[in-house]
Amino acid sequence: MPAPPAVPTRAPGEDTIPTDPYLRIGQQPSDRGADTKTLLTWAQDLRAEQHQVLGFPGALDFSYSELGPLLDVFANNVGDPSSGDASAVHAKAFEQAIVGFFAETAGAAPDDVYGYLTTGGSEGILYGLATARRHLPHARVYASDQAHYSVHKAAGLLGLEVTTIASREDGTMDPDDLRMHTFVHRRINPRLGRGPGAIVLATIGTTMHGAYDDVTALRRIASTAGAVYVHADAALGGLVAAHAPSRPAWNFEHGADSVSMSGHKIIGSPVPCGVVLVRRELVPEAAGAEYVKATDRTLGCSRSGLAALLMWSALRRLGHDGMRERIRAGLEMADYATRQLASAGASPSRPADSLVVCFDRPDPWIVDRWHLACEGDRAHIVTVAHVGREQIDGLCADLSSGRRP
Ligand SMILES: *Cc1c(COP(=O)(O)O)cnc(C)c1O
C-alpha cells in the first residue's frame, strides 16, 4: 500500500487527560450519595454522546442493567475454564459455554480446541504468539503493515522478531511479499530440519480497512521457511467473516492454529473481553498450583467472572442465528454508508464484506463530532449495531455542508 500523504494530525499521546481535583481520593470517606450522582451523571453524558461514535468498532446498543444484582457477587474464574479451584466462587460453567460458541463460530468442534475468556483481542494475540513460540522457537513472526499494534507489543514481550509484510491496496497481506521474505529467511540447517519455520500473524478484519487475510493461502506460501504456525487475529472480523457471503478463509477449518476475537466489539459489552482458542494438541499439559487448586494455562490468574456472565447473556439472546442477522444488518448498513458517502463526494472504499468504510478525511470538526478514526488522508466508520441510517445521513450532511466555500 502506498504511504499516505502527510496530513497534520494529533500525535499519539498528544491529547492528555487532565487530573480532576474533584475526583481526588483523600483522607476522609466521601459522601456516597454525591459520588453516586457523579458516576450516574458521567454515565448519562457518555450515553448521550455514544450514538455519534461512528469510527470505532465497539457496538453500543446493549443494555445489561436488569442484571444489576450481578454486581453484588464476586465471581473469580481462576485458571482453566474446565478446572475446579479452591475458592469455588466462579462462573466457569458460563465461560465454557461461551468458549464453545466461539469454537463453533471459528469452525472447530469445542472438544478440539482449548480456550478461555481473555481481557480482549490483544491478550489473545499474546497467547497465540506464545503458543507459536513454544512450537517454533527459531521462527520469526510475519505480519502485514496493517496488523494491529498489539502484535508488536506481544512480539516484543516474547522476544520474537517481526518481519513486516507489505499490504495490497485492499488492506490484505501481499502474498508475493510474504513469499519473498519467507524465502530469504529459510535456512537449510540439518539441525533445524527444513528451516526455522514461520509464524504467520493473519489479520481477519484489519483495523483501518476491515480486510480479511487468507489463512489457507498464507499458510501454503510461508511453508518455504519450514513448519508454519498461523495465528488469526480475528478481534474485529472473526464474527463477521463467519457469516459473510464471500466466505473468507479465516479459521481452524482453513488452517489456523489459534484464533483470537474481541467480545466488546461486534457483540458489545460494558467490560472489555475476548476469547482465545488454540488447537488442543498445541496447548501444554495442564499444570496446577497448590494454593488455588486449579490447573491454569491462561495468562492471568484471577479472571473476570462478571465478563463471562454478561457475555453469556448477550450470546444467549442472539444464538448463531441472531448473530448471523446482526452481521447481515451491519453489512447492509456498510453498503448504505458506501453509497451515501459516494453521493457526498467522499470517495469511499471498502473490501468485500467489511463493516469498515474508508473515505476522504474531513475537517477536524467533523472528525470530532462523529468520533471518526483517521489514518493519513483517510477516515473510517465501522457499521456496528448502534450505527443506523440516521447517523450516516447526519455525517453525510456535515460532509456536504463542510465542502461549501
Ligand atoms: C481491536 C483489535 C485488536 C485489539 O483488540 P482489543 O480487544 O482491543 O484488545 C487487535 N487486532 C485487531 C485487528 C483489532 O481490530
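Note that the coordinates shown come from a computational prediction; the quantities given were computed from them, not determined experimentally.

(A) Focus on the sheet that holds strand β2 (residues 140–144). Ordered by their spatial adjacency, seven strands build an open sheet running β1-β7-β6-β5-β4-β2-β3, and the pairing between neighbours is mixed. Two strands bound the open sheet, and with one partner strand each, they are β1 (113–118) and β3 (162–165). Adjacent strand axes in the sheet meet at a mean angle of 20° when their direction is disregarded. Contacts from helix α5 (residues 175–184) reach β2, β3 and β4 (198–203), with the element oriented near 150° to β3.

(B) Geometry of the domain arrangement of the chain. When its domains are assigned, the chain resolves into domain 1 (45–56 + 320–401) and domain 2 (72–317). Domain 1 and domain 2 are separated by 28 Å when their C-alpha centres are compared. On the side of domain 2, 21 residues touch domain 1, which itself brings 21 residues to the contact. Counting the surface domain 1 buries against domain 2, the share from its top three residues, His320, Met323 and Asp353, is 34%. Connecting domain 1 to domain 2 are zero salt bridges. Summed over the shared surface of domain 1 and domain 2, the number is eight residue pairs in polar contact (both at pLDDT 80 or more). Those elements giving two or more residues to the side of domain 1 that touches domain 2 turn out to be α8 (305–343), β10 (356–360), β11 (373–375) and β12 (378–382). Per-element accounting of the side of domain 1 that touches domain 2 gives the leading share, six residues, to α8. Of the residues in the side of domain 1 that touches domain 2, the class split is 13 nonpolar, three polar and five charged.

(C) How the structure looks around the pattern of salt bridges. Applying the stated rule across the entire model yields 15 salt bridges. Residues Arg297 and Asp80 are paired through a salt bridge, measuring 3.1 Å at the closest nitrogen-oxygen approach. Placement of Arg297 in the loop between β9 (294–295) and α8 and of Asp80 in the loop between α1 (32–50) and α2 (92–105) is noted, with a sequence separation of 217 residues between them. Take Arg297: its relative accessible area is 18%, and that puts it in the buried class. Taking relative accessible area as the criterion, Asp80 reaches 0% and is therefore assigned buried. For Arg140, the salt bridge identified is with Glu161, shortest N-O distance 3.4 Å. You can see Arg140 sitting in strand β2 and its partner Glu161 sitting in the loop between α4 (149–158) and β3, a full 21 residues away along the chain. Under the relative-accessibility criterion, Glu161 is labelled exposed at 51%. Put simply, Arg219, Asp257, Arg279 and Glu281 are held in one network by salt bridges that share partners.

About the thresholds
- Starting afresh in each chain, residues are numbered from 1 along the sequence in its written order.
- This being a predicted model, a pLDDT of at least 70 is required before a residue's local features are given, and a value of 80 or more before pairs of side-chain atoms are given or counted; all residues contribute to the totals for chains, interfaces and linings.
- Side-chain descriptors were evaluated using all non-hydrogen atoms of the structure, hydrogens and water having been removed beforehand.
- Pairing between strands requires that DSSP locate at least two bridges from one strand to the other.
- Under the scheme used here, helices are H or I runs from DSSP no shorter than 4 residues and strands are E runs no shorter than 2 residues, and both carry numbers assigned from the N terminus.
- Angles here are taken between N-to-C directions and fall from 0 to 180 degrees, while the axes themselves are lines fitted to C-alpha atoms, restricted in helices to the stretch in contact.
- Residues count as neighbours in contact if any of their non-hydrogen atoms are within 4.5 Å of one another.
- Marked domain ranges trace back to an automatic or database domain assignment.
- Accessible area that two parts lose when put together, with a 1.4 Å probe and added across both, is what the buried area reports.
- By convention in these notes, a salt bridge is any Lys or Arg side-chain nitrogen within 4 Å of a carboxyl oxygen on Asp or Glu.
- Polar contacts, as counted here, are pairs of nitrogen or oxygen atoms within 3.5 Å of one another; within protein the pair requires one atom able to donate a hydrogen and one able to accept it, and residues that are adjacent in sequence qualify only if both atoms are side-chain atoms.
- Residues were grouped as follows: Ala, Val, Leu, Ile, Met, Phe, Trp, Tyr, Cys and Pro as nonpolar; Asp, Glu, Lys and Arg as charged; and all remaining residues, including Gly, as polar.
- Burial classification: accessible surface area is computed with a 1.4 Å probe over protein chains only, and a residue below 20% of its type maximum counts as buried, one above 50% as exposed, and the rest as partly exposed.

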